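Read off the chains here:
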Amino acid sequence: AAPAPGQTIEADVQHRAGNGVGSVEIERAPDNHFYAEAQVNGARVRFLVDTGASSVVLTQADARRAGIATGNYSTIGRGAGGEVRLLPVTIARLGLGPASAEQVPAMVAEEGALRVSLLGQSYLSRLESVAIEGDRMVLR
């Protein structure tokens with residue numbers, strides 16, 4: 001069943017038996033995007049999974065919750081909404097179900113630039129695969 005509009009989507013973690021490899025399956029939200037709850041330095045963060053984003057990009061509020069300092073937004077990025085001022089950072093640990101990564105390059109967006117943090121290629125490229133199967137995204 002599809003979640004109600006505005007409801008937070010949580011990843012349904014499926015572990016493959018016997019080989020220790022796991023996968024994360026995410027249902028498509030009513031807005032046709034895929035959202036996942038992940039841990040950033042131990043803080044829970046809701047992400048829009050964005051396979052077209054080159055980097056993980058945190059909102060300023062999510063960065064603060066994860067203990068990541070904000071400050072000099074010296075880098076300019078281009079997104080669907082135009083130019084965004086960004087602060088390059090490194091996430092000590094980013095975990096989504098059984099798939100965690102350490103020392104993940106990321107960006108923090110200037111206040112108000114993003115409504116939700118983006119889970120981009122600086123994390124996704126560390127996975128074995130990212131596949132969309134109907135209304136499910138499967139991360140392995």
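Here the structure is shown first, and the text comes after it.
This section reports on the structure supplied with the text. (Residues numbered from 1 in each chain as written. Predicted model: local features only at pLDDT ≥ 70, side-chain atom pairs only at ≥ 80, totals over all residues. Heavy atoms only, no water.)

## Section: the side chain of Gln-60
Point 1. Following the sequence through the fold, Gln-60 ends up in helix H1 (residues 60–65).
Point 2. A relative accessible area of 13% means that Gln-60 is categorised as buried.
Point 3. Not counting residues within four places of it along the chain, the set of residues in contact with Gln-60 comprises Thr-70, Tyr-73, Val-108, Ala-109, Glu-110 and Glu-111. (Helix = DSSP H or I, 4+ residues; strand = E, 2+ residues; numbered from the N terminus. Buried < 20%, exposed > 50% of the residue type's maximum accessible area, 1.4 Å probe, protein only. Contact = heavy atoms within 4.5 Å.)

## Comments concerning the packing of aromatic side chains
Point 1. Tallied over the full model, the rule gives 0 aromatic pairs.
Point 2. Cation over ring: Arg-46 sits above Tyr-35, and NZ or CZ is 4.0 Å from the ring centre. (Phe/Tyr/Trp six-rings, centres within 6.5 Å; stacked < 30°, edge-to-face > 60°. Lys NZ or Arg CZ within 6 Å of the ring centre and 35° of its normal.)

## Some points on the pattern of salt bridges
Point 1. Enumeration according to the criterion identifies 8 salt bridges in this entry.
Point 2. With its nearest N and O atoms 3.3 Å apart, the salt bridge here joins Glu-37 to Arg-44.
Point 3. Classification of Arg-44 as partly exposed rests on a relative accessible area of 43%.
Point 4. Of the charged contacts in the structure, one is a salt bridge between Glu-83 and Arg-78, with a shortest N-O distance of 3.0 Å.
Point 5. Its relative accessible area of 69% is what places Arg-78 among the exposed residues.
Point 6. One network of salt bridges, in which partners are shared, links Glu-25, Glu-27 and Arg-136. (Salt bridge = Lys/Arg side-chain N within 4 Å of Asp/Glu carboxyl O.)

## Regarding the nonpolar core
The tendency in soluble globular proteins is for nonpolar side chains to be buried side by side.
Point 1. Core analysis: the biggest nonpolar cluster contains 32 residues, and Val-56, Leu-94 and Tyr-123 have the highest contact counts within it.
Point 2. Elements supplying a minimum of two residues to this core: strand E2 (22–27), strand E3 (35–40), strand E4 (43–49), strand E5 (56–58), strand E7 (82–96), strand E8 (99–109), helix H2 (121–124) and strand E11 (136–139).
Point 3. Counting 10 residues, the second-largest nonpolar core is a separate cluster that includes Val-84, Leu-86, Met-107 and Leu-118. (Core = buried A, V, L, I, M, F, W, Y, C linked by side-chain atoms within 4.5 Å.)

## Considering the pairing of E4
Point 1. The element E4 is extensively covered by neighbouring structure, given that 5 of its 7 residues are classed as buried.
Point 2. Note: E3 against E4, 6 bridges, orientation antiparallel. Directly across from Ala-36, in E4, lies its bridge partner Phe-47.
Point 3. Both E4 and strand E9 (residues 117–119) contribute to a ladder of 3 bridges, which runs parallel. Along E9, the bridge assignment pairs Val-49 with Leu-119. (Pairing = 2+ DSSP bridges.)

## Side note on unusual backbone geometry
Point 1. For Asn-41, which is not a glycine, the phi torsion comes out positive at approximately 50°.
Point 2. With respect to the helices and strands, the residue Asn-41 is situated in the loop between E3 and E4.
Point 3. The class of Asn-41 is partly exposed, set by a relative accessible area of 32%.

## Description of the side chain of Ser-117
Point 1. Position of Ser-117 among the secondary structure elements: in strand E9.
Point 2. With a relative accessible area of 0%, Ser-117 lands in the buried category.
Point 3. At 2.9 Å, the side chain of Ser-117 and the backbone nitrogen of Thr-59 are in polar contact.
Point 4. At 2.6 Å, the side chain of Ser-117 forms a polar contact with the side chain of Asp-62.
Point 5. Not counting residues within four places of it along the chain, the set of residues in contact with Ser-117 comprises Val-45, Arg-46, Phe-47, Leu-48, Val-57, Leu-58, Thr-59 and Asp-62. (Polar contact = N/O pair within 3.5 Å; in protein donor to acceptor, adjacent residues only side chain to side chain.)

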